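Examining the three-dimensional arrangement
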Amino acid sequence: MLCRMHLAPFASSSLATQLGTVRTLWPHAETIFTELQQEMEKAREFMSSFEQLLSSQGANAMERAPRTSTALAPSSGEGFSICQDVKNFTPEQLSVKMVGRKVVLVGQKETQNVDEKGSFSYKYEVLKREWDVPEEVDVEALTCSLSKEGQLRIEAPRLALPAAPERNVPIQVSAAAPQPGAAAQDGAAAKAQA
């Protein structure tokens, strides 16, 4: 298919001056590069506006993202505690499982809408979070509770260590207690002889 650019005058050669006005099927390189540069500039502008749109959408998504707080009180008897914001999900849409020493929270939500014009929209949201449960926590006593504000709390107490019975520890007496300085001198003398 030929366009106006393909039938441009052939004027960039010394042969063209001898032959006069000649038409060619080859386009001028300057014309191609000019149009290509214009297309590239349009694409750059589009990408710039798209990037601005994504950055503003990303900031909004971060504000709406569920928040998590995890706490493990190492010195107190509180144990393991997770608080996850799940206010966009109903209790029926949530599940909490123990997989080995991991707590896995999964929330799934489907939304279907039909407006007055007959347009149909479908939205599927998934929330999945995993937490490692420390060894000193009793996973068999893990509990979950959901507050009215949409905060899911997952808790487990520390393992109760069995009380050790009282016992006497014998004291061993050796014949002669080595002097710390004398042992270092003996070691240095042995190295010097070797």
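Everything that follows concerns the structure shown earlier in this document.
The present account deals with the structure reproduced in this document. This structure is a prediction, so every number in the text was calculated from the model and none was measured.

1. Focus: the sheet that holds strand β4 (residues 102–114)
To summarise the sheet geometry, strands pair through backbone hydrogen bonds and adopt either a parallel or an antiparallel arrangement. Taken in spatial order, the three strands line up as β3-β4-β5 in an open sheet, and their pairing is antiparallel. With one partner strand each, in any of the chains shown, β3 (94–99) and β5 (120–132) form the two edges of the open sheet. Each neighbouring strand pair of the sheet contributes to a mean axis angle of 15°, computed without reference to strand direction. Pairing geometry for β4 and β5, over 13 bridges, is antiparallel. Considered in β5, the bridge of Q108 is made with V126.

2. Observations regarding the pairing of strand β6 (residues 143–146)
Inspection of the sheet shows β6 paired to strand β7 (residues 151–156) by four bridges, in the antiparallel sense. Note on β7: the bridge partner recorded for T143 is E155. Where β6 folds back onto β7 in an antiparallel hairpin, the turn is made up of four residues, including G150, whose phi is positive at roughly 90°.

3. Notes on the pattern of salt bridges
Tallied over the full model, the rule gives eight salt bridges. Across the pair K42 and E39 runs a salt bridge, and its minimum N-O distance is 3.9 Å. With K42 and E39 both in helix α2 (residues 29–64), this residue pair falls three residues apart, about one helical turn. Overall, the relative accessible area of 53% leaves K42 in the exposed class. In this structure, E155 and R153 form a salt bridge, with 3.9 Å as the shortest nitrogen-oxygen distance.

4. A short note on the pairing of β3
The sheet contact formed by β3 and β4 spans six bridges and is antiparallel. When the bridges of β4 are listed, L94 appears paired with G107. Counting the residues that bridge the hairpin from β3 to β4 gives two residues, and of these G100 lies at a positive phi of roughly 65°.

5. Focus: the nonpolar core
Formed by 15 residues in total, the largest nonpolar core has its most connected members in F80, V86, V103, L105, W131, V133 and I154. For this core, the secondary-structure elements that each account for two or more residues are β2 (79–85), β4, β5 and β7. The dominant element in this core, judged by the number of residues it contributes, is β7, at three residues. Residue contacts for V133: discarding those within four places in its chain leaves F80, M98, R101, V103 and V139.

6. Describing the packing of aromatic side chains
Under the definition given, this model contains one aromatic pair. With a centroid separation of 6.0 Å and 15° between ring planes, the pair formed by F46 and F50 is classed as stacked. Placement of the pair is F46 and F50 together in helix α2, with a separation of four residues, close to one helical turn. Taking relative accessible area as the criterion, F46 reaches 52% and is therefore assigned exposed.

How each quantity is defined
Residues numbered from 1 in each chain as written. Predicted model: local features only at pLDDT ≥ 70, side-chain atom pairs only at ≥ 80, totals over all residues. Heavy atoms only, no water. Pairing = 2+ DSSP bridges. Helix = DSSP H or I, 4+ residues; strand = E, 2+ residues; numbered from the N terminus. Axes fitted to C-alpha atoms, helices over the stretch in contact; angles between N-to-C directions. Salt bridge = Lys/Arg side-chain N within 4 Å of Asp/Glu carboxyl O. Buried < 20%, exposed > 50% of the residue type's maximum accessible area, 1.4 Å probe, protein only. Core = buried A, V, L, I, M, F, W, Y, C linked by side-chain atoms within 4.5 Å. Contact = heavy atoms within 4.5 Å. Phe/Tyr/Trp six-rings, centres within 6.5 Å; stacked < 30°, edge-to-face > 60°.

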